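Summary of structural features
Here's the letter readout for the chains.
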Amino acid sequence: MPDPAGAFAIETHGLSKHFGRHTAVDGLTMSVPAGAIAGFIGPNGAGKTTTLRLLLGLVRPDAGSATVLGHSLTEFERYLPRVGALVEAPAFYPGLSGRTNLEVLARLGSHPGSRVGELLEVVGLSDRARDRVGTYSLGMKQRLGVAMALLPDPELLILDEPANGLDPLGIIEMREMLRRLAGQGKTILLSSHLLGELEQLTDWLIMLNQGKALFCGPARELLAQLVEVVVEAQDAVQLDLVGRIAGEAGYTVTKEDRILRIACSAGFADTLKRQAREAGAPDLAIRVREASLEQLFLALLKGERS
Ligand SMILES: Nc1ncnc2c1ncn2[C@@H]1O[C@H](COP(=O)(O)OP(=O)(O)OP(=O)(O)O)[C@@H](O)[C@H]1O
């Protein structure tokens, strides 16, 4: 959980990065509280990887400022030793075992080699630690990449799509591992397109679009912005009527057999119930529940584009 003292592990103010005439990060202001598992979401090309690379000192900003673990981006040598990252596909020696790869990296980075066994355990690779990395599956390589990021025993972990290419079991294992690491007090910032996964894992969310933050705050707060109204009826005419009311109000309506799902504000859910009754559709079963992160994501993007 985020640090109750309210300290931020990451803060950016008006951070910008251009590539030629293209603006990848556009005056981005965001924060990640210490101790949080923060999800970084946004459509393809929103600027997530570029932001993570800026935070890691891999590219320099054109404007704006940021602090990581209390130090300005310009003092990256002061905070980078306390940060573990998996941003680009990690490079390993394919002919060496997972264990030897980590031992070599520990020696190169002057990290204690005694941590290697423990880290292989943490990422669930102990059984295959003596096999050559060239024989590892994509998921095993991802987990070895996380072990590599953990070598310096970092306070902050920055992971770009760590569940990329993992099978469902691998995704669950990654989730449990990240929870364990957060339980040790580490701050984790991870980008992902797996919104259902982030919904289960994160307590803080940053949603990026075209290099700007559409939302930055507690995940609960974002999820509370939208509800899902589920309307059931035997009579298709009544369902169509409700669908029309919601559609005319600009909300997205999904229809499945005799069920309508409408992602809308809590206030509109009450309006919808009343209008449906008044319009002569009294036999509807209407339930209101919290919307999913995926619905919110689509609603926020739709709002931006309209
Ligand atoms: N080195 C670069 N040179 C030129 N353009 C770049 C470079 N890196 C990123 N971009 C551009 O900046 C924009 C943001 O890219 P970025 O990789 O940060 O997005 P992203 O949110 O991580 O996307 P995805 O979800 O697809 O990984 C894109 O339009 C991309 O083409």
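Just above, that's the structure.
Described in the following lines is the structure provided in the data block. The model shown is predicted, which means the values in this text are computed figures rather than measured ones.

The next point concerns the site of the ligand. Gly45, Lys48, Thr49, Thr50 and His193 are the nearest of the 13 residues found near the ligand. At 2.8 Å from an oxygen atom of the ligand is found a side-chain nitrogen or oxygen belonging to Lys48. One nitrogen or oxygen atom from the side chain of His193 is found 2.8 Å from an oxygen atom belonging to the ligand. For the ligand, the protein covers 61% of the area, taking 640 Å² as the surface of the free molecule.

Two elements in contact, helix 3 (residues 98-108) and helix 5 (residues 138-150), have axes separated by 10 Å at closest approach and are oriented at 25°. Classified by the angle between their axes, helix 3 and helix 5 sit roughly parallel to one another. For the pair helix 3 and helix 5, the sense of crossing is right-handed. In this structure, helix 3 uses Gly98, Leu102 and Leu105 to contact helix 5, whose residues at the interface are Leu144, Ala147 and Met148.

Attention shifts here to the sheet that holds strand 12 (residues 252-256). Pairing in this open sheet of 4 strands is antiparallel, and the strands run 12-13-11-14 from one edge to the other. What marks the edges here is a single partner per strand, and that holds for strand 12 and strand 14 (285-290). Averaged over all adjacent pairs, the angle separating strand axes in this sheet is 20°, with direction ignored. One ladder, built from 6 bridges, connects strand 11 (residues 227-232) with strand 13 (residues 259-264); its direction is antiparallel. Pairing of Val230 across the sheet is with Arg261, part of strand 13. Lying over the sheet, helix 9 (residues 236-248) contacts strand 11, strand 12 and strand 13, oriented at roughly 15° with respect to strand 13.

Glancing now at the pattern of salt bridges. This structure, assessed with the given rule, holds 16 salt bridges. Close ionic contact of Glu155 with Arg82 constitutes a salt bridge, the shortest N to O distance being 2.7 Å. Linking Glu155 in the loop between helix 5 and strand 7 (156-160) with Arg82 in the loop between helix 2 (76-79) and strand 6 (83-86), this pair joins segments that are 73 residues apart in sequence. Assessed through its relative accessible area of 37%, Glu155 is described here as partly exposed. Overall, the relative accessible area of 27% leaves Arg82 in the partly exposed class.

Cut-offs and rules
Residues numbered from 1 in each chain as written. Predicted model: local features only at pLDDT ≥ 70, side-chain atom pairs only at ≥ 80, totals over all residues. Heavy atoms only, no water. Near = heavy atom within 4 Å. Polar contact = N/O pair within 3.5 Å; in protein donor to acceptor, adjacent residues only side chain to side chain. Areas by Shrake-Rupley, 256 points an atom, 1.4 Å probe, with all protein chains shown as cover. Axes fitted to C-alpha atoms, helices over the stretch in contact; angles between N-to-C directions. Helix = DSSP H or I, 4+ residues; strand = E, 2+ residues; numbered from the N terminus. Parallel < 35°, antiparallel > 145°, perpendicular 65-115°, else oblique. Left-handed = near helix turned anticlockwise from the far one by under 90°. Contact = heavy atoms within 4.5 Å. Pairing = 2+ DSSP bridges. Salt bridge = Lys/Arg side-chain N within 4 Å of Asp/Glu carboxyl O. Buried < 20%, exposed > 50% of the residue type's maximum accessible area, 1.4 Å probe, protein only.

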